[in-house]
Amino acid sequence: MAHWLYKSEPSSWSWEQQKAAGEKGTEWTGVRNYLARNNMRAMQIGDKGFFYHSNDGLEIVGIVEVCTLSHPDSTAKGDDRWDCVDIRAVCDMPKPVTLKDVKANEKLSKMALVTSMRLSVQPVTDDEWLEVCRMGGLDNLPR
């Protein structure tokens with residue numbers, strides 16, 4: 001199982017909206033970056049990810065999982081270059097993990113959130129996953 005981080009501006013799509021989408025989840029649409037798209041194409045059902053509020057908040061606020069494999073992005077208006085996955089909320093992060101805290105943690109110095117700030121869908125290593133979960137109060141979250 002792989003791990004990911006999904007960035008969203010809360011004014012466009014918030015964690016509360018993601019949770020309200022329920023078990024069915026929702027498409028992670030609007031990604032127009034080839035590397036982020038390729039990350040989604042590599043995802044498998046059940047992969048877990050962090051939900052990160054960008055621009056306003058700058059913190060990891062929840063855990064999501066992939067519930068539908070990569071498929072054409074419904075917002076791409078016939079442009080078949082762009083794909084998306086569907087994700088659903090799994091749980092809140094008991095203690096949101098701020099970007100400031102991530103940057104201050106030497107164990108996370110190579111995390112894409114630190115090194116590739118603008119990438120909207122990022123890979124997360126197993127060690128990074130466990131460290132961020134620990135920081136957020138989710139020590140026992142299954143991988």
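Residues numbered from 1 in each chain as written. Predicted model: local features only at pLDDT ≥ 70, side-chain atom pairs only at ≥ 80, totals over all residues. Heavy atoms only, no water.

By the naming in an unreviewed UniProt entry, the protein chain is RNA-binding protein with PUA-like domain, taken from Rhizobium mongolense.

Under the definition given, this model contains zero disulfides. Between Cys84, a cysteine without a disulfide, and Cys67, which holds the nearest cysteine sulfur, the sulfur-to-sulfur distance is 11 Å. (Disulfide = S-S within 2.5 Å.)

What follows is about the packing of aromatic side chains. The tally for this structure, following the rule as stated, stands at five aromatic pairs. Here the aromatic rings of Tyr6 and Trp28 are separated by 5.3 Å at their centres, their planes lie at 70 degrees, and the arrangement is edge-to-face. Placement of Tyr6 in strand β1 (residues 3–8) and of Trp28 in the loop between β2 (26–27) and α2 (34–42) is noted, with a sequence separation of 22 residues between them. Both residues of the pair, Tyr6 and Trp28, count as buried. Three or more aromatic residues joined by ring pairs make a cluster, and in this case those are Tyr6, Trp15, Trp28 and Phe51. (Phe/Tyr/Trp six-rings, centres within 6.5 Å; stacked < 30°, edge-to-face > 60°. Helix = DSSP H or I, 4+ residues; strand = E, 2+ residues; numbered from the N terminus. Buried < 20%, exposed > 50% of the residue type's maximum accessible area, 1.4 Å probe, protein only.)

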